[in-house]
Amino acid sequence: MDPYSAEGELINIHNHFHQGQYQEVIDYDTSALSPENALPAQVLVLRARIALGQFEDVLAEVQGESEPELASIGALAQQSLGQTDEAVAAIKTLAESHAGNSTVQVIGGTVLQAAGHPEEAIALLSQHQGSLDAVSLIVQIHLQQNRNDLALKEVTAARRWAQDSLLVNLAESWVGLRQGGEKYQQAFYVFEELAQAPATSSVASLVSQAVAELHLGRTEEAQAALEQALNKDPTNAEAIANLFVLAVVTGRDPSKMRANLEAAAPTHLLLADLEEKSALFDKAATKYSAKVSA
Amino acid sequence: MQASGSTMLTKFESKSSRAKGIAFHPKRTWVLVALHSSTIQLWDYRMGTLIDRFEEHDGPVRGIDFHRTQPLFVSGGDDYKIKVWSYQTRRCLFTLNGHLDYVRTVFFHHELPWILSSSDDQTIRIWNWQNRSLICTMTGHNHYTMCAQFHPKEDLVVSASLDQSVRVWDISGLRKKHSAPTSMTYEDQVARANQNQADMFGNTDAVVKFVLEGHDRGVNWVAFHPTMPLIVSAGDDRLVKLWRMSETKAWEVDTCRGHFQNVSSCLFHPHQDLILSVGEDKTIRVWDLNKRTAVQTFKRENDRFWVIAAHPEINLFAVGHDNGVMVFKLERERPASAVYQNNLFYITKEKHVKSYDFQKNMDSPTLLSLKKLGSPWSPPRTLSYNPAERSILVTSAGDNASYELINLPRDGSGAIEPTESKRGSGNSAIFVARNRFAVLNTSTQVIDIKDLSNSTTRSFKPPVGTTDIYFGGTGNLLILTPTHVHLYDIQQKKSVAELAVAGVKYVVWSNDGLYAALLSKHNVTIVTKTLEQVSTLHETIRIKSATWDDTGVLLYSTLNHVKYSLMNGDNGIVRTLEQTVYLVRAKGRNLYCLDRTAKPKILQIDPTEYRFKLALVKRNYEEMLHIIRNSSLVGQSIIAYLQKKGYPEIALQFVQDPTTRFELAIECGNLDVAVEMAKELDRPKLWSRLAAEALAHGNHQIVEMCYQKLKQFDKLSFLYLSTGDHSKLSRMAKIAEHRGDFTSRFQNALYLGEVEDRIQMFKEIDLYPLAYMTAKSNGLEEECQSILEATGLTEDQLTMPTIGEPLTPPKPVVPTYKSNWPTKATSQSIFEKALLGQVEGLSLEDDAAGANGFGLDEAADDEGPTKRDVGLVDADVDEDAAGWDMGEDVVPEVDSDFVNVESTEAGGASSSEAELWARNSPIAADHVAGGSFETAMQLLNRQVGAVHFAPLKPRFLEVYQASRTFLPASAGLPPLVNYVRRTVDETDLRKVLPIVPRDLEFLATNDLHRGYDAMKANRLDDGYKIFKGILHAILVNAVSSESEVDEAKKLIASASEYTVAMGIELSRRNLGTPDVVAQDPEKLKRSLELSAYFTIPKIEVPHRQLALLSAMHLALRNKNYNSALSFANRIIANGGASKILENARKTKAQCERNPHDAVEIEFDQFAEFEICAASYTPIYSGTSYEECAFDGSKYHTKYKGSVCRVCEVCEIGKHGSGLKLFA
């Protein structure tokens, strides 16, 4: 039986992970699990720790381990530490020897995509055997490539064999936010359901809910959700970034949020992008000048 | 009651001896019971109370009936007597004698003053209860007549007898005889006088019309159908028979078989096609009138049934059995309903699904017919609505409870049957998520979670004894058991919280989803969404329904009241109810509910009381103030409430009665009020209480006053001592002396430390030893000697105790008496202040917007500083926008070939949505949002000749930033970037467009008003920037319609005028200080000119008045009386604030005496001209000029080719295709 299925042992810890409840994953009591599920659970715990920023600790812990699962975790930790080349090299070796291992696929896919090798990531991930983790990653990679059509295809296919899964719902919502229209509302329902239930609420789901609401034009609700998220984690970069966007949308002064973001995540996508656009503006503006200078 | 089949909906049960007759009161909630023990009982079945007992019959009472309109009832018993009673006077009015054996039934006629009785003497008699006479005796049955009833409309009587026949009698002859009293001939009168005789022979008053034979044992009961020509009878052959009749004949239709003992009584359901019968087999049976099949059976363990009666109007029945009576209803009346936002979805008695709009107060046409749902005789029990799918879940109770999932049509088009529905068996079914619902099966105790295709996705065992389930917040269920409520997490399959509340039947969520009310029969428990109890309350009367006010007040209905409950458990009555209603929504003064017939109704309520209490709890003083001012909320109850709840200071505001005011003032420590009231009442008791309270406050001045009033000299002296007030203390001493009160004198002297005085006093009262001792101890030897002399003693004769230190009275460290102790600031709440009108923000009048110091410091004249009062300028922008060409030129740069986004080739990145925006739109703002700054600049350059983009940079980045959100997705990967659209409903990628922040509406309501405020407040530097900002924001913007384009034009023109106006005034101020300017004739001239030009731009009138006023003062001060006069005239012509006008009139009068200008300036008040926005000099009409293609500002031709001074972006004189804001 699939341990991640609705009846499986790992359903709760797995859901916690994908709902962004990393602390719950770490705190999860894994002692009662059957032996064959111990390793997948450990992988989830290690991934959660990486997500919480404990890169060195995790790296030290898996150093020298031979299982491909743990080795790939090592690569993920390395990459998070900025050692991208080593990480990619490690993943490529693992991919050759253990391409069928679903953990290697998922983590390898993450590392490759993050390192900017989407084609290779897709190639590795598409060898999966009914892993929803892989599906959701593929969907995300397609979306990052702006291939909404391919992402939609992937989700529709997965929907057929894993209807009630959290990951399919999430991936579908990601796609929905690109499609728009009624799909915004549906995505909102999914995120809201996660964000508002005490058992599943997390910063990530709250931010997602807020994003859906922002797209629906419901700025006040979006604001409330983001503030909720920041209450849980005042330095969450995504929450701050979206709050910044929200401030701009509603015509308020965003400079405080910008300062917060610069403090919390100086390398955030948004800041880099704005830097680039600012330069672009200056360059483009030089092409024009008045005939007579005043 | 053991019910085989479904449970019985019993409302009331009584214990007594055998009940043989029952009658419902047609209006009140009363039932009369005739008992075998000779007693008649009157019960209130709603309250369950015995109202009265009537005991005059001798032996069993069998027949009983209420009169429809009069306060009368009739009874008949085994004492052969028929008695007519008044339930008002609680007496038997009279007795009708005549029957020769037991009287079985008695009934009033529905309109004539007649009583119909049947008796074991084989006769049926009609009596007139007004003249108390027998008017007709119907003979024919040859055994006991068990029952006789009038037809509800026609002149017919039906009777049943143990002779096995049912007879229908025509009594039209009787009616004729008794209803034509006017023109009676002598013969008639004779005939009437002899009527009884005539009946015996001619028998024309009542003739047998039909004899119905079919029962093969005696017939016990018979009844007419209320509307149809049908008769139902019940007999000892254990059968219930249905008969039909026409004008000419009557025949048996069918037989209902099922009773296995004698059937005692039967009747037609007043509204539905049902027959009800009861029998000695201890069952109540319900039959389908049309099919004659059994619908329901209720069995009682031990008691045989003797009689059944139906309430004429509502769905209630009463049965009499061996041990009392029982009142029950056949079906649940609670209409199935669900509320979503402003709509109520409900199911009518005809099983039609309808919706009701609370905003429009409108009922929808029938959305759907559910005729085929469940059993025909059981109405749907619950309805759950899913807004995302617009579908409903309906459950029906009964033997095989089931649920049905149906999609609602978009709009009602009559009673159509649902095209497709999914069903299954289950007792409760509710939506738990957008695409999931939960179904509870109580018999198997399983909850299934199903998806919309009705397939089970998971299932689990709920806690034992689960009776019902309710929505429990997202992903959760509330599970009800007889003793507990569980909050169950569907995902984790476990109960996350539980609360011990017994017998919860309904759950009502608050509008914000944070609280829920759990309703049981007699309790309301308010819980949070995590199932923590907030408050609970008990009601003796049964609780029917509840709904939440928008402010978080729970309104609930009992059988006879609508009540409210606050979170803290405070509750009270809102209004009384005449009949049961089911609350669905509370909005302001309207309370929406469904009545018993499932029709939406609006009840008017007065929410003042609970609003006030709520405001009190939340300390929302503004709201309270508003309520106090606008409602008649006074009276003892509210005062007592406030006092009890610890708000005496607020209660104080309501009270007029001085005694109560005093009490409250003491309680809240408001001494001022207390003093005022004490003065008014002037009672010693009050003064002493006030004194004690004031002392506790340290307010010794009030204490002093109280003691004075009370004439408590000793206390007063001590007070003066302790406050150090020596002068008053010595005055006290004088008073004491005056009064001849030596004790007091001594006390004061002691306090004052005046030894001589004390000695003097002792001497006066001949206490020489004490006087001597006092003198001695204070070392006053001379005094000692004189005392000794006076008494004729010598020192040797005295035995002296040892003398200690002389007493010195203690001195207060601080001269307290000078003022009160610095008491804590009196507890004058914001509320009280508001009441006293001290808090401006709370005053209900709008504040007059004050604008002060508008450059008047330099124009200070004799009249002192003028405070200007400018009303809020209307948002309307000046009508005549300068001719700004928004021509419909073809926009050449629109790129119209779209990239094929449907391409399916795998791999490789595609272009993002943002890149599409630039392709989709000819509007510069959309290009900016898409990040395509180059093309945006190109567009602006072509449209309005924009050349200098630097000022637009913040706006470009603002628009760009607003359109991207960051969605956290998989762990370890950067967030997904999504693109915010202003076309939220659009999904075609070739039509989607980005959101643009600070759109036209925002600018008009925010920035524009900030600009106006800056103008009023004389912050011209700020205003100048704000209006330029508006211009920049419009330049990179998009609107949604052609009409908005016009509005945008107006806004541009207005912002441009303000920018020019403010620029002129700022440049005047930059000439230098008034002194500097005054010394330089050049500057003075320029200054006067600029102030004149300031009045030219087309800004809002109140603002122009400011400019004119400023110009007028400046001109006046520099003796340019002619100019000043012209400004004054314009001010007067404009009208407006009276202060300004008065000022202008004075100036005008002053200037008219000498209308000459001292300084010649270039300002022709009669010429038409515009102001060059660069040089701030006039451009007279007729001379050529250049303008900015965007904002329309005018320039002398020499400025052509330079950057516009107003928008700072466009090139003057460069024409474009016009700004595109709407595609």
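- Looking up chain B in an unreviewed UniProt entry gives the name Coatomer subunit alpha, with the organism given as Sodiomyces alkalinus.
- Heading Function (unreviewed entry) of the UniProt record for chain B holds this comment: "The coatomer is a cytosolic protein complex that binds to dilysine motifs and reversibly associates with Golgi non-clathrin-coated vesicles, which further mediate biosynthetic protein transport from the ER, via the Golgi up to the trans Golgi network."
- Listed in UniProt under the heading Subunit (unreviewed entry), the comment for chain B reads: "Oligomeric complex that consists of at least the alpha, beta, beta', gamma, delta, epsilon and zeta subunits."

- Chain A appears in an unreviewed UniProt entry as Coatomer subunit epsilon from Sodiomyces alkalinus.
- For the record of chain A, the UniProt heading Sequence similarities (unreviewed entry) holds the text "Belongs to the COPE family."

### Overview of the overall build of chain B
- The helix and strand tally for chain B stands at 30 helices and 64 strands.
- Per-residue burial for chain B yields a buried fraction of 54% across its 1223 residues.
- When contacts within chain B are restricted to residue pairs at least 6 apart in sequence, those whose partners lie at least 24 apart make up 49%.
- Just so you have it, chain B exposes about 53,800 Å², and 49% of that area is on carbon and sulfur atoms.

### Digging into the interface of chain B and chain A
- With 77 residues of chain B in contact, the opposing surface of chain A contributes 74 residues.
- Between chain B and chain A lies a buried interface of about 6,400 Å² when both sides are counted; carbon and sulfur atoms form 59% of it.
- The largest share of the area that chain B buries against chain A comes from Arg-434, Gln-961 and Phe-966 of chain B, three residues that together contribute 11% of it.
- Applying the counting criterion to the chain B and chain A interface returns 1 salt bridge.
- In this structure, Asp-282 of chain A and Lys-953 of chain B form a salt bridge, with 3.1 Å as the shortest nitrogen-oxygen distance.
- For the pair chain B and chain A, the interface holds 17 residue pairs in polar contact (both at pLDDT 80 or more).

### Regarding the pattern of salt bridges
All names here are of chain B.
- Within this structure, the stated rule accounts for 52 salt bridges over all chains.
- Between Arg-300 and Glu-13 there is a salt bridge, with its nearest N and O atoms 3.1 Å apart. Taken together, the residues Arg-300 in the loop between β25 (294–299) and β26 (305–310) and Glu-13 in strand β1 (residues 9–13) connect sequence positions 287 residues apart.
- Residue class for Glu-13 comes out partly exposed when judged on its relative accessible area of 40%.
- Of the charged contacts, one joins Arg-18 and Asp-322 as a salt bridge, the two residues approaching to 3.3 Å between their closest N and O atoms. Remark: Asp-322 occurs in the loop between β27 (317–321) and β28 (324–329) and Arg-18 occurs in the loop between β1 and β2 (19–24); sequence separation between them is 304 residues.

### A closer look at the packing of helix α16 (residues 768–777) of chain B against helix α17 (residues 781–791) of chain B
All names here are of chain B.
- Contact geometry for α16 and α17: axes closest at 8 Å, N-to-C directions at 160 degrees. Taken as axis vectors, α16 and α17 run roughly antiparallel relative to one another. Crossing angle aside, the handedness with which α16 passes α17 is left-handed. Contact with α16, carried on its side by Tyr-768, Ala-771, Tyr-772, Ala-775 and Lys-776, involves Glu-781, Glu-783, Cys-784, Ile-787, Leu-788 and Thr-791 of α17 and no other residues of that element.
- Of the residues contributing to the contact of α16 with α17, the split by class is 7 nonpolar, 1 polar and 3 charged.

### Description of the sheet that holds strand β7 (residues 72–77) of chain B
Residues and elements named next belong to chain B.
- Taken in spatial order, the 4 strands of this open sheet run β6-β7-β8-β9, and their pairing is antiparallel. Looking along the sheet, the strands with just one partner apiece sit at the ends: β6 (61–66) and β9 (91–96). Between one strand axis and the next, the sheet turns by 25 degrees as a mean value, whatever way the strands run.
- As paired strands, β7 and strand β8 (residues 82–86) are joined by 5 bridges and run antiparallel to one another. Note on β8: the bridge partner recorded for Gly-76 is Ile-82.

### Concerning the packing of aromatic side chains
- Summed over all chains, the structure comprises 41 aromatic pairs over all chains.
- For the ring pair Tyr-288 of chain A and Phe-949 of chain B, a centre distance of 5.1 Å and an interplane angle of 70 degrees mean the geometry is edge-to-face. Here Tyr-288 of chain A is found in the segment after α17 (269–285), whereas its partner Phe-949 of chain B is found in the loop between α21 (933–944) and α22 (953–961) on a different chain.
- Above the plane of the ring of Phe-933 of chain B lies Lys-277 of chain A, whose end atom (NZ or CZ) is 5.8 Å from the centre.
- Above the face of the Phe-713 of chain B ring, Arg-739 of chain B is positioned so that its terminal group lies 3.7 Å from the ring centre.

### Quick word on the packing of helix α5 (residues 68–80) of chain A against helix α6 (residues 84–97) of chain A
Residue and element names in this part refer to chain A.
- Packing of α5 against α6 leaves a shortest axis separation of 7 Å and a crossing angle of 160 degrees. In terms of their interaxial angle, α5 and α6 are classed as roughly antiparallel. Of the two elements, α5 crosses α6, and the hand of that crossing is left-handed. From α5, Pro-68, Ala-71, Ser-72, Ala-75, Gln-78 and Gln-79 reach across to α6, where they touch Thr-84, Glu-86, Ala-87, Ala-90, Ile-91 and Leu-94.
- Classifying every residue of the contact of α5 with α6 by side-chain character gives 7 nonpolar, 4 polar and 1 charged.

Quick notes on the rules
- The residue numbering used here restarts from 1 in each chain and proceeds along that chain's sequence as written.
- Whichever chain is written first is A, and whichever ligand is written first is 1; the rest continue in order.
- Local features in this predicted model are restricted to residues whose pLDDT is 70 or higher, and side-chain atom pairs enter the listing and the counts only when it is 80 or higher, whereas totals over whole chains, interfaces and linings include all residues.
- With hydrogens and water excluded, all non-hydrogen atoms of the structure serve as input to the side-chain values.
- UniProt positions are given in the numbering used here, feature names are shortened, and annotations may be inferred rather than shown by experiment.
- Secondary structure elements are defined from DSSP: runs of H or I of at least 4 residues count as helices, runs of E of at least 2 residues count as strands, and each element is numbered from the N terminus.
- Classification of residues uses two cut-offs on accessible area relative to the type maximum, computed with a 1.4 Å probe and protein chains only: under 20% is buried, over 50% is exposed, and between them is partly exposed.
- Whether two residues are in contact is decided by their heavy atoms, any of which lying within 4.5 Å being enough.
- Here, Shrake-Rupley sampling with a 1.4 Å probe gives the accessible areas, and only protein chains in the shown set may cover a residue.
- Joining two parts hides part of their accessible area as seen by a 1.4 Å probe, and the buried area is that hidden amount summed over both.
- The salt bridge definition used is simple: a Lys or Arg side-chain nitrogen within 4 Å of an Asp or Glu carboxyl oxygen.
- A 3.5 Å cut-off defines polar contacts: any pair of N or O atoms within that distance qualifies, except that in protein one atom must be a possible hydrogen donor and the other a possible acceptor, and neighbouring residues in sequence count only when both atoms are side-chain atoms.
- Geometry is summarised by axes, namely lines fitted to C-alpha atoms with helices restricted to the contacting stretch, and by angles between N-to-C directions that run from 0 to 180 degrees.
- What sets the label is the angle itself: under 35 degrees gives roughly parallel, over 145 gives roughly antiparallel, 65 to 115 gives roughly perpendicular, and the rest give oblique.
- When the near helix sits turned anticlockwise from the far one by under a right angle, the crossing is termed left-handed; a clockwise turn instead gives a right-handed crossing.
- Side-chain classes follow a simple rule in which Ala, Val, Leu, Ile, Met, Phe, Trp, Tyr, Cys and Pro form the nonpolar group, Asp, Glu, Lys and Arg form the charged group, and the remainder, Gly included, forms the polar group.
- A strand pair is defined by DSSP finding two or more bridges across the two strands.
- The pairing test for Phe, Tyr and Trp rings, Trp by its six-membered ring, is centres within 6.5 Å, and the orientation test on the planes gives stacked under 30 degrees, edge-to-face over 60, and tilted for anything in between.
- Here, a charge over a ring means that NZ of Lys or CZ of Arg falls within 6 Å of the ring centre while also lying within 35 degrees of the ring normal.

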